Amino acid sequence: PGKVGQKVEFRTGTVTITDVRSAAEVKLGSVATTSGVWLVVTLDFTPKGEQRFLRGVELKDGRDRIFNHERSLSSPCGPAQPGLILGCEFALEVSKDALPDAELHLSTNPPGAELPDDVAVIDLEIDEAGAEQLGATTQRITITAPRTKGKA
């Protein structure tokens, strides 16, 4: 477990959520709109031991609903090389009422894995006022491709 801005270690690597924003529209090649909110998360990922992808992305809201990567828009976060920080950004489509008390669950499980066995759980620290502010945004955010930021 961890929170925004905190380096969180899990078995297969470390992750730090560096920014959480919202948008009514996101662009990654084409423009996508939503009647809810695009939650745009920027993070740094450093794998341990071997090259990895950060594949599993889910948001669990305060009512135990799950919003998963099938509703996300992003470039794959990887391949990330051990000892190097990979900066990634993704947008996850959620309903506006999912933002209060939301947690982000991240894993490096391979495609087809039924349940993640190594998960970082990040408290996004969004209260009712923060959710209202995030839900009211009308901006468009362009999602950037993953980029190596240097040595860990």
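Residues numbered from 1 in each chain as written. Predicted model: local features only at pLDDT ≥ 70, side-chain atom pairs only at ≥ 80, totals over all residues. Heavy atoms only, no water.

1. Considering the environment of Arg-21
One can find Arg-21 in strand β3 (residues 13-28). Residue class for Arg-21 comes out partly exposed when judged on its relative accessible area of 27%. Sequence separation between Arg-21 and Arg-55 is 34 residues; the distance between their C-alpha atoms is 20 Å. Setting aside chain neighbours within four positions, we find Arg-21 in contact with Trp-38, Leu-39, Val-40, Thr-42, Glu-89, Leu-134 and Ile-141. Within polar-contact distance, the side chain of Arg-21 engages the side chain of Glu-89 at 2.5 Å. (Helix = DSSP H or I, 4+ residues; strand = E, 2+ residues; numbered from the N terminus. Buried < 20%, exposed > 50% of the residue type's maximum accessible area, 1.4 Å probe, protein only. Contact = heavy atoms within 4.5 Å. Polar contact = N/O pair within 3.5 Å; in protein donor to acceptor, adjacent residues only side chain to side chain.)

2. Things to note about helix α1 (residues 128-135)
Because each turn of an α-helix spans 3.6 residues, side chains separated by three or four positions in sequence point in the same direction. Listing the buried residues of α1 in full gives Gly-130, Ala-131, Leu-134 and Gly-135. The buried side chains of α1 occupy one side of the element, clustering within an arc of 130° when seen end-on. Structural note: α1 exposes Glu-128, Ala-129, Glu-132 and Gln-133 on the side pointing more than 90 degrees away from its buried face. Buried positions along α1 lie against β3 and β4 (30-47). One side-chain oxygen at the N-terminal end of α1 lies 3.3 Å from the backbone nitrogen of Ala-129; it belongs to Asp-127. (Arc of directions from axis to C-beta.)

3. Brief notes about the side chain of Glu-89
Checked against the element boundaries, Glu-89 lands in strand β10 (residues 84-94). Among the polar contacts made by the side chain of Glu-89, one reaches the main-chain amide nitrogen of Thr-144 at a distance of 2.9 Å.

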